[in-house]
Amino acid sequence: MSLIRYRFKTRAADYRPLIDMADIHMPWWCTGEAGDGSFAIIVCYLPENEKLENYWDDAYEVDQIEVEEIAYSDRFPKPCWISEY
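Model, not experiment: these values are computed from the prediction.

Asker: Lay out the environment of Glu33 with the relevant residues and their values.
Answerer: The residue Glu33 is located in strand S2 (residues 28–33) in this model. In sequence terms Glu33 and Ile19 are 14 residues apart; their C-alpha atoms lie 21 Å from each other. Those residues in contact with Glu33, other than ones at most four positions away along the chain, are Tyr15, Phe39 and Ala40.

Structural data, given as structure tokens:
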């Protein structure tokens, strides 16, 4: 399955996705926030057929790259709510 790895900013005070990503078994992380609370930086993976705007409608400064698998690490650990499938 081809995936898109996104890194972007969101202005929302509540930066969680609009749709629960546990339903599609895709992870996301908040990697930082502005000191004044004006934005958060999010990294997430989505299947290539899913639109980022459906999950974060205010995403901006979006970087994306196509990948074949999710790369978990110490910085990006596998969330406990993602089940094996």
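Asker: Break down unusual backbone geometry for me, citing the residues and quoting the values.
Answerer: Even without glycine at this site, His25 takes up a positive phi of about 60°. Tracing the backbone through its elements, the reader meets His25 in the loop between strand S1 (3–10) and S2. Even without being glycine, Glu61 reaches a positive phi, approximately 50°. Note that Glu61 resides in strand S4 (residues 60–67).

Asker: Describe the pattern of salt bridges, naming the residues involved and giving the relevant values.
Answerer: Under the defined criterion, the tally for this structure stands at two salt bridges. Across the pair Arg16 and Asp14 runs a salt bridge, and its minimum N-O distance is 2.7 Å. The exposure class assigned to Arg16 is exposed, which follows from its relative accessible area of 53%. On the basis of relative accessibility, which here comes to 44%, the residue Asp14 falls in the partly exposed class.

Asker: Go over the packing of aromatic side chains with me, naming the residues and quoting the values.
Answerer: Counting across every chain of the model gives six aromatic pairs. With a centroid separation of 6.2 Å and an interplanar angle of 80°, the aromatic rings of Trp29 and Tyr45 are classed as edge-to-face. Remark: Tyr45 occurs in strand S3 (residues 40–47) and Trp29 occurs in strand S2; sequence separation between them is 16 residues. Taken together, the ring pairs connect Phe8, Tyr15, Trp28 and Trp56 into an aromatic cluster. Over the aromatic face of Tyr60 sits the side chain of Arg11, whose NZ or CZ is 3.9 Å from the ring centroid.

Asker: Break down the pairing of S3 for me, with residues and values.
Answerer: With eight of eight residues buried, S3 lies mostly within the body of the structure. Burial along S3 is two-sided: Ala40, Ile42, Cys44 and Leu46 facing one way and Ile41, Val43, Tyr45 and Pro47 facing the other are all buried. One ladder, built from eight bridges, connects S1 with S3; its direction is antiparallel. Following the sheet pairing, Arg7 is matched in S3 by Val43. Sheet topology places S2 next to S3; five bridges connect them, and they run antiparallel. Within S3, the position partnered with Trp28 by the bridge is Cys44. Here S2 folds back onto S3 in antiparallel fashion, the turn holding six residues, of which Gly37 has a positive phi close to 75°.

So, how was this worked out
Residues numbered from 1 in each chain as written. Predicted model: local features only at pLDDT ≥ 70, side-chain atom pairs only at ≥ 80, totals over all residues. Heavy atoms only, no water. Helix = DSSP H or I, 4+ residues; strand = E, 2+ residues; numbered from the N terminus. Contact = heavy atoms within 4.5 Å. Salt bridge = Lys/Arg side-chain N within 4 Å of Asp/Glu carboxyl O. Buried < 20%, exposed > 50% of the residue type's maximum accessible area, 1.4 Å probe, protein only. Phe/Tyr/Trp six-rings, centres within 6.5 Å; stacked < 30°, edge-to-face > 60°. Lys NZ or Arg CZ within 6 Å of the ring centre and 35° of its normal. Pairing = 2+ DSSP bridges.

Structural measurements only, silent on function.
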